[in-house]
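One letter stands for each residue in the lines below.
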Amino acid sequence: MAKPPKQSMQRTHRNGDLSRVHVGETVHLLGWARRVRNLGSLIFIDLRDRWGLIQLTADTTTISSDLLRTLKSVRSEFVLSVKGTVELRKSPNEEMVTGAIEVRILDLQILNSSLTPPIPIEDGGEPAGEELRLRYRYLDLRKSSLQKNLWLRSEMSHIIRDHFRQNDFIEVETPILTKSTPEGARDYLVPSRVHPGEFFALPQSPQTLKQLCMIAGFDRYVQIARCFRDEDLRADRQPEFTQIDVEMSFIDENDIYEMHERLMKKVFKEVL
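Here the structure is a predicted model, which means the values were calculated and not measured. (Residues numbered from 1 in each chain as written. Predicted model: local features only at pLDDT ≥ 70, side-chain atom pairs only at ≥ 80, totals over all residues. Heavy atoms only, no water.)

**Student:** How should the sheet that holds strand E10 (residues 240–248) be read in this particular structure?
**Tutor:** Backbone hydrogen bonds hold the strands of a sheet together, and the pairing may be parallel or antiparallel. Sheet architecture is open: three strands sit in the order E6-E9-E10, paired in mixed fashion. Strand pairing shows two members of the sheet lacking a second neighbour, strand E6 (170–171) and E10, which therefore form its edges. Sheet topology note: the strand E9 (residues 220–228)/E10 ladder contains nine bridges and is antiparallel. Bridge assignment links cysteine 227 to a residue of E10, and that residue is phenylalanine 241. (Pairing = 2+ DSSP bridges. Helix = DSSP H or I, 4+ residues; strand = E, 2+ residues; numbered from the N terminus.)

**Student:** Is there a simple way to explain the nonpolar core in this structure?
**Tutor:** The nonpolar side chains of soluble globular proteins are, as a tendency, buried together. Within the largest apolar cluster, 23 residues are counted, with the highest numbers of intra-cluster contacts made by Ile45, Leu56, Leu71, Leu80 and Leu108. Not counting chain neighbours up to four residues away, the residues in contact with leucine 80 comprise Leu29, Leu30, Gly31, Ala33, Ile45, Leu47, Val74, Leu108, Gln109, Ile110 and Leu111. Counting eleven residues, the second largest nonpolar core, distinct from the first, contains Ile160, Val246, Met259 and Val271. (Core = buried A, V, L, I, M, F, W, Y, C linked by side-chain atoms within 4.5 Å. Buried < 20%, exposed > 50% of the residue type's maximum accessible area, 1.4 Å probe, protein only. Contact = heavy atoms within 4.5 Å.)

**Student:** Help me out: how do you make sense of the pattern of salt bridges in this one?
**Tutor:** Side chains that differ in charge, positive against negative, can pair when their charged atoms come close. Applying the stated criterion across every chain yields a total of 22 salt bridges. Here arginine 34 ties to glutamate 122 by a salt bridge, and the two come within 2.8 Å at their closest N and O atoms. Pair noted here: arginine 34 is in strand E1 (residues 26–38) and glutamate 122 is in the loop between strand E5 (101–112) and helix H2 (130–135), with a separation of 88 residues, a long-range link. Look at arginine 34 and you get partly exposed, because its relative accessible area is 23%. A salt bridge links arginine 226 to glutamate 240; its shortest N-O distance comes to 3.0 Å. Residue arginine 226 is found in strand E9, and its partner glutamate 240 is found in strand E10; the two are separated by 14 residues along the sequence. Sharing partners across several salt bridges, the network here consists of Arg34, Arg35, Arg37, Asp46, Arg48, Glu77, Glu122 and Arg142. (Salt bridge = Lys/Arg side-chain N within 4 Å of Asp/Glu carboxyl O.)

**Student:** It is not clear to me how the packing of helix H4 (residues 144–166) against helix H6 (residues 253–271) should be interpreted in this structure. Could you clarify?
**Tutor:** Describing two packed helices takes the angle between their axes plus the distance from one axis to the other. Where H4 contacts H6, the axes come no closer than 10 Å and their chain directions differ by 140 degrees. Classified by the interaxial angle, the pair formed by H4 and H6 is oblique. Relative to H6, H4 is oriented so that their crossing is right-handed. Of H6, the residues touching H4 (which contributes Leu152, Glu155, Met156, Ile159, Ile160, His163, Phe164 and Gln166) are Met259, His260, Arg262, Leu263, Lys266, Val267, Glu270 and Val271. When the residues that make up the contact of H4 with H6 are grouped by side-chain class, the tally is nine nonpolar, three polar and four charged. (Axes fitted to C-alpha atoms, helices over the stretch in contact; angles between N-to-C directions. Parallel < 35°, antiparallel > 145°, perpendicular 65-115°, else oblique. Left-handed = near helix turned anticlockwise from the far one by under 90°. Nonpolar A, V, L, I, M, F, W, Y, C, P; charged D, E, K, R; others polar.)

**Student:** Just to check I follow, could you spell out the environment of arginine 48 for this structure?
**Tutor:** With respect to the helices and strands, the residue arginine 48 is situated in strand E2 (residues 42–49). Residues in contact with arginine 48, not counting those within four places in the same chain, are Asn15, Gly31, Trp32, Arg34, Leu53, Glu77, Ile121, Glu122 and Arg142. Within the local environment of arginine 48, its side chain forms a polar contact with the side chain of glutamate 77, the two groups lying 2.9 Å apart. Engagement of the side chain of arginine 48 in a polar contact is seen with the side chain of glutamate 122, the distance being 3.3 Å. (Polar contact = N/O pair within 3.5 Å; in protein donor to acceptor, adjacent residues only side chain to side chain.)

**Student:** Looking at this structure, I do not really get the sheet that holds strand E4 (residues 79–88). What am I missing?
**Tutor:** The strand order around the closed barrel formed by five strands is E1-E2-E3-E5-E4, and the pairing between neighbours is mixed. Pairwise comparison of adjacent strand axes, ignoring direction, gives a mean angle of 55 degrees for this sheet. Of the strand pairs in this sheet, strand E3 (residues 52–59) and E5 are connected by two bridges, and their pairing is parallel. Residue threonine 57 lies in a different strand from E5, and its bridge partner there is arginine 104. Of the strands in this sheet, E1, E2, E3 and E5 touch helix H1 (residues 65–73), which is tilted by about 80 degrees from E5.

**Student:** When you look at the packing of aromatic side chains in this model, what are you seeing that I'm missing?
**Tutor:** Centre-to-centre distance and the angle between the planes together describe a pair of aromatic rings. In this structure the tally under the stated criterion is two aromatic pairs. Ring plane angle 70 degrees and centroid distance 6.2 Å describe the contact between tyrosine 136 and tyrosine 138, whose orientation is recorded as edge-to-face. On the basis of relative accessible area, tyrosine 138 is assigned to the exposed category, the value being 56%. Consider the rings of phenylalanine 164 and phenylalanine 169, whose centres lie 4.8 Å apart with planes at 70 degrees: the pair is edge-to-face. Phenylalanine 169 carries the same exposure label as phenylalanine 164, and that label is buried. (Phe/Tyr/Trp six-rings, centres within 6.5 Å; stacked < 30°, edge-to-face > 60°.)

**Student:** Where do I start with the pairing of E5 in this structure?
**Tutor:** Side chains on a regular strand alternate between the two faces of the sheet. Note: E4 against E5, ten bridges, orientation antiparallel. What sits directly across from leucine 88, in E5, is isoleucine 101.

Below is the structure:
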């Protein structure tokens with residue numbers, strides 16, 4: 001039997017965005033199989049992507065033998081491409097954002113299979129040790145709690161940039177490979193290939209470079225800057241970190257307080 005034509009990789013909706021308003025629509029979804037339940041006459045698959053979770057269903061008595069064979073081979077963490085029709089669920093799940101609906105499978109393709117994960121993917125499961133989690137960090141980052149943390153950081157970065165742009169700051173990306181400047185910790189040194197015996201120092205702070213911007217007349221500078229300090233770990237210290245780095249000309253301390261208080265208000269209001 002000839003293979004069905006390959007589906008387009010273009011999704012029509014994100015899983016977490018589906019709702020009652022989409023009932024009756026044919027949708028194309030992409031994501032990972034979170035859980036598979038085969039009840040004989042019915043097969044249920046929870047499909048996960050970055051935006052949420054949706055339940056897929058298939059009546060094994062009405063679908064083609066090829067589709068049934070594919071469905072029976074699906075396991076947890078398989079990557080799937082699915083076309084289906086949005087329907088109301090007979091038994092809504094109040095704990096799911098999309099719990100009022102489900103997607104009746106019309107076609108399903110396995111884009112990639114998966115071995116049994118060496119660590120639990122879902123939040124609330126049996127916790128794995130930190131060493132094992134870091135070894136399989138690409139799997140650990142599939143957890144919704146960790147993805148939410150990275151989303152939060154991304155949103156904060158956008159808000160911070162918008163705030164300073166609206167207040168006439170210019171964002172300047174200063175060099176990472178530079179000469180050593182006196183700060184409160186030891187430098188990380190990078191040997192130069194073209195100048196044997198010479199070294200670059202990774203910046204503990206863009207201090208000197210941002211002050212050059214002030215001398216040059218830029219007046220207001222900002223950078224979400226990556227910094228490096230070779231010092232022992234403590235509760236408030238780590239070898240590399242990111243800081244909001246700001247420099248302003250023609251100001252007093254009240255200008256600094258006011259600028260950053262407004263930033264903190266904006267971050268809390270728009271993110272939390």
